[in-house]
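Chain and residue survey
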Amino acid sequence: MDKKTMKAAVLDRPLTIAVKEVPVPQPRQGEALVQVHCIGICGSDVHYYEHGRIGRYEVKQPIILGHELAGTVVQVGTDVTNVAAGDRVAVEPGVACGRCEYCKGGRYNLCPDVVFMATPPVDGAWAEYVAVRSDFLFKLPDSLSFEEGALLEPLSVGIHAMARGKAKPSDRVLVTGLGPIGLLAIEAAKLYGVNEIYGSDVLAGRRDMAVDMGVNGVLDPAADLPVKEQLHQLTGGAGIDIIIETSGSGRAIADSIGLVKRGGRIVFVGLPAADAIPINISALVDAELDVYGVFRYANTYPMAIQALSGRKNGVTKVITHAFSLDEIEQAVETARTQKETSTKIMIYPNGEIKP
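No experiment lies behind these values; they were computed from the predicted model shown.

1. Here's the deal with the nonpolar core
Counting 53 residues, the largest nonpolar core has Ile41, Leu69, Trp126, Val130, Leu137 and Ile347 as its most contacted members. Once you skip the residues sitting within four places of it in the chain, Ile347 turns out to touch His37, Cys38, Ile39, Ile41, Phe323, Ser324, Leu325, Ile328 and Ala331. If you look at the next biggest cluster of nonpolar residues, it comprises 48 residues, including Leu140, Val173, Ile186 and Val194.

2. Comments concerning the side chain of Ser134
Assignment of secondary structure puts Ser134 in the loop between strand 11 (129-133) and strand 12 (137-139). Owing to a relative accessible area of 7%, Ser134 belongs among the buried residues under this scheme. Sequence-distant contacts of Ser134, that is, excluding residues within four places in its chain, are made with Gly30, Glu31, Val80, Asn82 and Val83.

3. What about the packing of aromatic side chains?
Tallied over the full model, the rule gives 3 aromatic pairs. Judged by centre distance (6.2 Å) and plane angle (45 degrees), the ring pair of Tyr297 and Tyr301 falls under tilted. Overall, Tyr297 belongs to the buried group, its relative accessible area being 3%. Put simply, the rings of Phe138, Tyr297 and Tyr301 touch in pairs and so form one group of aromatic residues. Arg88 extends its terminal NZ or CZ atom over the ring of Phe146, reaching a point 4.5 Å from the ring centre.

4. Some remarks on empty space enclosed by the protein
Counted according to the given criterion, the structure contains 1 cavity of 30 Å³ or more. The calculated volume of the largest cavity comes to roughly 60 Å³. If you go around the largest cavity, the residues you meet are Glu92, Gly94, Tyr108, Asn109, Val114, Phe116, Arg296 and Tyr297. Here the lining of the largest cavity is built from residues that sort into 4 nonpolar, 2 polar and 2 charged.

5. Let's talk about the sheet that holds strand 1 (residues 5-13)
Read from one edge of the open sheet, 3 strands run 2-1-6, paired in antiparallel fashion. Here the strands that pair on one side only, and so sit at the sheet edges, are strand 2 (16-23) and strand 6 (63-64). Examined bridge by bridge, strand 1 and strand 2 share 8 bridges and lie antiparallel to one another. Residue pairing in the sheet places Met6 in a bridge with Val22 of strand 2.

6. Things to note about the packing of helix 4 (residues 152-164) against helix 10 (residues 301-309)
The interhelical angle for the contact between helix 4 and helix 10, taken along N-to-C directions, is 100 degrees, at an axis separation of 10 Å. The angle between helix 4 and helix 10 falls in the class roughly perpendicular. Facing Leu152, Glu153, Leu155, Ser156 and Ile159 of helix 4, the residues of helix 10 in contact are Tyr301, Met303, Ala304, Ile305 and Leu308. Grouping the constituent residues of the contact of helix 4 with helix 10 by class yields 8 nonpolar, 1 polar and 1 charged.

7. Things to note about a nonpolar patch on the surface
A cluster of nonpolar side chains, Tyr102, Leu110 and Phe295, forms an exposed patch at the surface whose accessible area comes to about 250 Å². Inspection of the secondary structure assignment puts Leu110 in the loop between helix 2 (101-104) and strand 10 (115-116). The class of Leu110 is partly exposed, set by a relative accessible area of 31%.

8. Side note on helix 7 (residues 227-235)
All of the buried residues along helix 7 are Val227, Gln230, Leu231 and Thr235. Buried residues of helix 7 fall within an arc of 115 degrees about the axis and therefore sit on the same side. Against strand 13 (172-176), strand 14 (196-200), strand 15 (217-219), strand 16 (240-245) and helix 8 (250-259) lie the buried residues of helix 7.

Cut-off values and rules
The residue numbers shown here count from 1 along each chain, following its written sequence. In view of the model being predicted, local features appear only for residues whose pLDDT reaches at least 70, and side-chain atom pairs are presented and counted only at 80 or more, with totals across whole chains, interfaces and linings using the full set of residues. The side-chain values count all of the structure's non-hydrogen atoms but skip hydrogen atoms and water molecules. As used here, the term nonpolar core means buried Ala, Val, Leu, Ile, Met, Phe, Trp, Tyr and Cys residues forming a set that is joined through side-chain atoms within 4.5 Å. A 1.4 Å probe rolled over the protein chains alone gives each residue an accessible area, and that area as a share of the maximum for its type sets the label: buried under 20%, exposed over 50%, partly exposed in between. Note on contacts: a residue pair is in contact if any heavy atoms of the two residues lie within 4.5 Å. Here a helix means four or more residues in a row that DSSP labels H or I, a strand means two or more in a row labelled E, and each is numbered from the N terminus. Two aromatic rings, drawn from Phe, Tyr or Trp (for Trp, its six-membered ring), form a pair once their centres lie within 6.5 Å of each other, and the interplanar angle then sorts them: stacked below 30 degrees, edge-to-face above 60, tilted otherwise. Think of it as a cone above the ring: NZ of Lys or CZ of Arg counts as a charge over the ring if it is within 6 Å of the ring centre and within 35 degrees of the ring normal. Within this scheme a cavity is a closed region of a 1 Å grid, computed over the protein atoms alone, that accommodates a 1.4 Å probe without allowing it to escape, whereas a pocket is open but has protein on both sides within 12 Å along at least five of seven lines; lining residues each have an atom within 4 Å of a point. Grid points are joined across faces, edges and corners, and a volume is the space filled by probe spheres set on the points. The classification used treats Ala, Val, Leu, Ile, Met, Phe, Trp, Tyr, Cys and Pro as nonpolar, Asp, Glu, Lys and Arg as charged, and all other residues, Gly among them, as polar. DSSP bridges decide pairing: two strands pair if at least two such bridges lie between them. For helices, the fitted axis covers only the stretch in contact; all axes are lines through C-alpha atoms, and the angles between them, taken along N-to-C directions, range from 0 to 180 degrees. For classification purposes, angles smaller than 35 degrees are called roughly parallel, those larger than 145 roughly antiparallel, those between 65 and 115 roughly perpendicular, and all remaining angles oblique. Here a patch means residues that are over 30% exposed by relative accessible area and free of salt bridges, tied together within 9 Å if like-charged and within 5 Å if nonpolar (Val, Leu, Ile, Met, Phe, Trp, Tyr). Throughout, the Shrake-Rupley method with a 1.4 Å probe supplies accessible areas, and for residues the shown protein chains are the sole cover considered. When a carboxyl oxygen of Asp or Glu lies within 4 Å of a side-chain nitrogen of Lys or Arg, that pair is called a salt bridge. Here the arc refers to the directions that run from the helix axis out to each C-beta atom.

Here is the structure:
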């Protein structure tokens, strides 16, 4: 490819982002160069934009954010055999070492040497092109759009949560927090054959979206009627087998112990602002609950592609806004300030915005 520079959205410091000309990355051995068709804005991107850090990861130098993407391979480096120029691909953004005990054991999401896009100091893909190790590229069948390909990343979190919680068709599932991860966890539950799904969020717009995505009922944690009573009414007293907690709310985390059935399962996805949250351990032990943590995902893309390509799905319903890369500041500000009405915002570096 002859093009030497490209547009990229560069975060210089909190609340300061601009589109700049930067060098086009060159694919090294085992890598492919992908022209980004569309890329989502994640909550972590917004957090870096607003605060400049998440936990121990701090923006200390200019960085390109973004890690939920799909595009077209335009060039391959040496020793690449699984993709070729012209292939439409989804990109898994966390490249693991492949050698440590976690990688060898199939839990490469726990690899201590993982290189994850848009996690300081690693650049992401709010840009026209990105170079990626080819074994973390997955071909998209013609039946899947680029938008569906980009949403495989947040959907994978939901799929991994279902796997961790050992979801099965007979389960009743409650998803607390109906942001993009929570809404796509609903779709993941459907992929696992779950037919009875409930959602909870303090924002009415997000509860409405969950209803549009086919949940059996929604709860409002801010309502006068306690959540436990709302659940009792919705399930006819049958109770909840699995809670998928995506909000990161300290209260939702603590309350989950009392909302799931005896012998039930709780999967914690969302990260709270505080490191320590009081939990009723006596109640947890007495009810013999299984509690799981989720850190990103592993081995989800092939399953997700196969599952979505063979059925009608609702994943793109979470897309509420679309912007060109040149409009990145407006896009991120929309995600930051309009949480009631914006869910998943999609960026189009090539300007071909889907209506």
